[in-house]
Amino acid sequence: MNFLELTNKRCSIRQFAPAAVEEEKLNYVLEAARLAPSAVNYQPWYFIVVREESRRQQLIACYPREWFRSAPMYIIVCGDHRQGWKRKDGKDYTDIDVAITTEHICLAATEQGLGTCWVCNFDRELCSRSFNLPEHVEPVAIIPMGYPAEAGLLERTPKKRKEIAGIVRFESF
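Notes on the structure follow.

Definitions and limits used
- Residues numbered from 1 in each chain as written.
- Predicted model: local features only at pLDDT ≥ 70, side-chain atom pairs only at ≥ 80, totals over all residues.
- Heavy atoms only, no water.
- Core = buried A, V, L, I, M, F, W, Y, C linked by side-chain atoms within 4.5 Å.
- Buried < 20%, exposed > 50% of the residue type's maximum accessible area, 1.4 Å probe, protein only.
- Helix = DSSP H or I, 4+ residues; strand = E, 2+ residues; numbered from the N terminus.
- Contact = heavy atoms within 4.5 Å.
- Pairing = 2+ DSSP bridges.
- Axes fitted to C-alpha atoms, helices over the stretch in contact; angles between N-to-C directions.
- Left-handed = near helix turned anticlockwise from the far one by under 90°.
- Nonpolar A, V, L, I, M, F, W, Y, C, P; charged D, E, K, R; others polar.

**Examining the nonpolar core**
If you look at soluble globular proteins, the nonpolar side chains tend to sit buried side by side. Counting 24 residues, the largest nonpolar core has Leu-59, Phe-68 and Tyr-74 as the members making the most contacts within it. Listing elements by their share of this core, those giving two or more residues are α3 (53-62), α4 (66-69), β2 (73-80), β4 (137-146) and α7 (153-156). Here Tyr-74 is in contact with Ile-48, Val-49, Val-50, Arg-56, Leu-59, Ile-60, Phe-68, Arg-69, Ile-142, Ile-143 and Pro-144, once residues within four sequence places are set aside.

Dropping the structure here:
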């Protein structure tokens, strides 16, 4: 599939089958994340893969939604603010870099037939404590990952996107 087909197929999945994600597919997704671009190539990220049941329960406590429980695994995407590039005016690019690598995770997972969903509204402090994150490392997103509960769900999920004419300006705003 070409890139536009892939991006059109990617969607937020909130219904997962109980099947485990194969190690080779997980490694593929992590390699895609590793190769993501970042400001000045600083790569200010860490990925915590959560599969063990006791750790899954700790993560579910950080975002106690029923649908979230159904994922067989999760990736906590963290940003290291000590490693992130700062622009001359002080703007920290860590969150931007982490967003790029997170989308690489989601797109690579989609290509492998897996579903994902960006979760950003979680208890960050509890997550940091539960997974022993240093103070300068922030959990930015949790990505539940697994096979969609229903076949064809990736293809059937409607996309709500603005028309191109509503978002593109040429030469000036």
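Anyway, onward from the coordinates.
**Here we look at the sheet that holds strand β1 (residues 45-50)**
Strand order in this open sheet of four strands is β1-β2-β4-β3, and the pairing throughout is antiparallel. The sheet terminates laterally at β1 and β3 (115-116), the two strands that pair on one side only. Running over the sheet, helix α2 (residues 23-34) touches β1, β2 and β4 and is turned about 165° from β1. Contacting β1, β2 and β4, α3 runs over the sheet at an angle of about 65° to β2.

**Brief notes about the packing of α2 against helix α5 (residues 94-111)**
Running from N to C, α2 and α5 point in directions that differ by 145°, and their axes come no closer than 8 Å. Note that α2 runs across α5; the crossing there is right-handed. Contact residues: Tyr-28, Val-29, Ala-32 and Ala-33 in α2; Thr-101, His-104, Ile-105, Ala-108, Ala-109 and Glu-111 in α5. The residue makeup of the contact of α2 with α5, split by class, is seven nonpolar, two polar and one charged.

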